[in-house]
Amino acid sequence: KAEQVIPKLAGGDRGLVVFLRSLPNVGEHRAREILSTFGGRDPVLDILENDPVKLTAVAGITEERAGEIAEAFLSRQGMADGLVFLTGDLGVGHRLAGRILENLGNWTRRLIEEDPYTLMRVYGIGFVKADEIAQREPLAMPADDPRRLRAATVLALDHLENDGHCFGTTEQLASKRFLKDTGVTIEQLGFGLQLATQASTDARGQITPPIVSKDGDVWWRATTESKERELAQVVLAFLQPKHKETT
């Protein structure tokens, strides 16, 4: 009988406490007591994976409850890995880590390691915050990485739209504020814009649609075009003469 292979988690005790308290029959106090009883993250992980009955050494945990805790842990291994990676390795706050996990699920760590700017899918995380996290060890994203340049186009579009424009040239998108905030050159922005016209596929096989559309050297957010078409259909339907029913 083949045994299930469980990858070791990365990070510190703090992230594991956050995850443990989400398991059945484990709250904040008991999560800390588990870590204290067994001497830290690595021994606790070993027990959860290989000998959960040892959890009965903690007050209030019966053999049945220990089995339930271990079963829940194994079923959420990807979430545990992601949480400890976020809070332990990357130093992300617990509240933000919870939002990220809710959005990216069991794939959290793999998606972020593949492209840290995947974080921009999470509500409240824009380019600046994602970029700040991407600079941290162990990610250490280079300033001229194509993934960073592609993601930076979102900030350029944000600045453009905040100034009241729906579209603009590369030069207009490369505002002084954008260049200062990102350190990206006009040439690098042009390269990022070209990348942003293409769809991409992540580790889950999920397709991310293009960020921008273009006509020559005029660029606009890809979603703007579809929204304008939807609005046009609504306006057209409103303007259509309504035929009164005759009796």
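What this report covers is the structure whose coordinates are included nearby. In this convention, every chain numbers its residues from 1, walking through the sequence in written order. Given that the model is predicted, a residue must reach a pLDDT of at least 70 before its local features are reported, and side-chain atom pairs must reach 80 or more before they are shown or counted; all residues, however, enter totals for whole chains, interfaces and linings. To obtain the side-chain values, all non-hydrogen atoms of the structure were included, while hydrogens and water were left out.

**Some points on a nonpolar patch on the surface**
Patch membership requires over 30% relative accessible area and the absence of a salt bridge. Like charges are linked within 9 Å, and nonpolar side chains (Val, Leu, Ile, Met, Phe, Trp, Tyr) within 5 Å. Every accessible area reported is derived by Shrake-Rupley at a probe size of 1.4 Å, with residue values counting cover from the shown protein chains alone. Only one rule defines a salt bridge in this text: a Lys or Arg side-chain nitrogen within 4 Å of an Asp or Glu carboxyl oxygen. Among the surface-exposed residues, Val235, Phe238 and Leu239 lie close enough to one another that they form a single nonpolar patch of about 340 Å² accessible area. By definition, any uninterrupted DSSP run of H or I lasting at least four residues is a helix, any uninterrupted run of E lasting at least two residues is a strand, and each is numbered from the N terminus. Relative to the helices and strands, Val235 is located in helix H13 (residues 222–239). Here's how the labels work: a residue is buried when its accessible area is under 20% of the maximum for its type, exposed when over 50%, partly exposed in between, all with a 1.4 Å probe on protein chains only. Residue classification places Val235 among the partly exposed residues on the basis of a relative accessible area of 39%.

**Considerations on the pairing of strand S4 (residues 212–215)**
Strands were regarded as paired on the criterion that DSSP finds at least two bridges between them. Across four bridges, S4 lies against strand S5 (residues 218–221) in antiparallel orientation. By the bridge assignment for S5, Asp215 is matched with Val218. Between S4 and S5, which pair antiparallel in sequence order, lie two residues; one of them, Gly216, sits at a positive phi of approximately 70°.

**Section: the pairing of S5**
When strand S1 (residues 167–169) meets S5, the two strands line up antiparallel, connected through three bridges. Its bridge partner being in S5, Gly168 is matched across the sheet by Trp219.

**Details of the nonpolar core**
Membership of the largest hydrophobic core comes to 65 residues, with the highest contact counts inside it found for Leu55, Ile100 and Ile112. If one sorts the elements of this core by residue count, helix H9 (residues 146–162) sits on top with eight residues. Sequence-distant contacts of Ile112, defined by excluding residues within four places in its chain, comprise Phe85, Leu86, Leu90, Ile100, Leu104, Leu119 and Leu139. Nonpolar core, defined: a set of buried Ala, Val, Leu, Ile, Met, Phe, Trp, Tyr and Cys residues in which side-chain atoms within 4.5 Å join the residues together. Residue contacts are counted whenever heavy atoms from the two residues lie within 4.5 Å of one another.

**Examining the packing of helix H8 (residues 127–134) against H9**
Between H8 and H9, the shortest axis-to-axis distance is 9 Å and the interhelical angle comes to 155°. Taken together, H8 and H9 sit at an angle that is classed as roughly antiparallel. Of H9, the residues touching H8 (which contributes Phe127, Val128 and Asp131) are Arg148, Ala151, Ala152 and Leu155. In terms of residue class, the contact of H8 with H9 is made up of five nonpolar, no polar and two charged. Think of each axis as a best-fit line through the C-alpha atoms, taken over the contacting stretch in the case of a helix, with angles from 0 to 180 degrees between the N-to-C directions. Angles are sorted into four bins: roughly parallel if under 35 degrees, roughly antiparallel if over 145, roughly perpendicular if 65 to 115, and oblique for all others. Throughout this entry, Asp, Glu, Lys and Arg are counted as charged residues, while Ala, Val, Leu, Ile, Met, Phe, Trp, Tyr, Cys and Pro are counted as nonpolar. The remaining residues, Gly among them, count as polar.

**Some remarks on H9**
Structural remark: α-helix, 3.6 residues per turn; residues separated by three or four positions point the same way. Expected helix span is taken as 1.5 Å per residue step, with the number of steps being one fewer than the number of residues. Helix length check: H9, at 17 residues, gives a terminal C-alpha distance of 25 Å against a target of 24 Å (1.5 Å per residue), a fit within 8%. With twelve of 17 residues buried, H9 lies mostly within the body of the structure. Residues of H9 that are buried: Arg148, Leu149, Arg150, Ala151, Ala152, Thr153, Val154, Leu155, Ala156, Leu157, His159 and Leu160. Polar contacts here mean pairs of N or O atoms no more than 3.5 Å apart (in protein, one a potential hydrogen donor and the other a potential acceptor; neighbouring residues in sequence count only if both atoms are side-chain atoms). Where H9 begins, one side-chain oxygen reaches toward the backbone nitrogen of Arg147, 2.8 Å away; that side chain belongs to Asp145.

**Points about helix H5 (residues 77–89)**
Look at H5: 17 Å from first C-alpha to last across 13 residues, which is about the 18 Å you get at 1.5 Å a residue. Buried within H5 we find Gln77, Gly78, Ala80, Asp81, Gly82, Leu83, Val84, Phe85, Leu86 and Thr87. Positioned one or two residues after H5, Gly91 has a phi angle of 70°, which is positive.

**Some details on unusual backbone geometry**
Geometrically, the link from Glu137 to Pro138 is a cis peptide bond, its omega value of 10° lying close to zero. A positive phi angle is found at Ala140, which is not glycine, with a value near 45°. Assignment of secondary structure puts Ala140 in the loop between H8 and H9.

**Comments concerning the packing of helix H1 (residues 13–20) against H5**
In the contact formed by H1 and H5, the axes pass within 8 Å of each other and the chain directions differ by 140°. The angle between H1 and H5 places the two elements in the oblique class. Both H1 and H5 take part in a crossing whose hand is right-handed. When H1 is examined against H5, the residues Arg14, Gly15, Leu16, Val18 and Phe19 are found in contact with a partner set consisting of Met79, Ala80, Leu83, Val84 and Thr87. Its residues assigned to classes, the contact of H1 with H5 comprises seven nonpolar, two polar and one charged. Note on convention: the crossing is left-handed when the near helix lies turned anticlockwise from the far helix by less than a right angle, right-handed when the turn is clockwise.

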